[in-house]
Amino acid sequence: LERIEIFNTEIKRISHNFALLHGENLKYLSIRTGKIEFTQPKVLDCLTNLEYLDLSGNPIKKFSIDTFYGLISLKSLVLHSISDTYMIDDYDIC
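Residue positions are given per chain, counting from 1 as you read along its sequence in written order. In keeping with the model being predicted, local features are shown solely for residues with a pLDDT of at least 70 and side-chain atom pairs are shown and tallied solely at 80 or more, while totals for entire chains, interfaces and linings include all residues. Hydrogen atoms and water are omitted, and side-chain values are computed over all heavy atoms in the structure.

Trainee: What is the right way to look at the overall build of the protein in this model?
Mentor: Here a helix means four or more residues in a row that DSSP labels H or I, a strand means two or more in a row labelled E, and each is numbered from the N terminus. Check the secondary structure of the protein and you find one helix and seven strands. Ordered by position from N to C terminus, the α and β elements of the protein give β-α-β-β-β-β-β-β. Partly exposed describes any residue whose relative accessible area lies between the buried limit of under 20% and the exposed limit of over 50%, with all areas from a 1.4 Å probe on protein chains only and scaled to the type maximum. Counting across all 94 residues of the protein, residues that qualify as buried make up 36%. The contact definition used throughout considers only heavy atoms, calling two residues in contact when any of these lie within 4.5 Å. In the protein, the proportion of contacts linking residues at least 24 apart, taken out of those at least 6 apart, comes to 61%. Here the open area of atoms and residues is found with the Shrake-Rupley method and a 1.4 Å probe, where only the protein chains shown may cover a residue. If you sum the accessible surface of the protein, you get close to 5,700 Å²; carbon and sulfur atoms cover 51% of it.

Okay, here's the thing in C-alpha cells:
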C-alpha cells in the first residue's frame, strides 16, 4: 500500500502499530479533519519512504521535537488549519 487517505475521522492519534504495518511502502499519508490532538515522539520513524504527509484540520496542540525526525524522504508536510496555538516540547511557537 503506497497511499492512504482518511477524512473526517474520529482518529485521535497515530499508533506505532499503524506506522510499523505500513512503514516500508507508504509514500502518501493524509489524515485530514480528524481528532488528532498530539503526536507521539518518533511514532512516524519507520515511514522512511513517506514523501507526503497531511495532518491539516486536526486540533493538534503539541508536537514532540522529533515527531518528523525519521521521515527522511518527506517532501511535503501540510499542517494548515490546526490549532490556533501549538507547542513544540513545551516551547510556545505561535
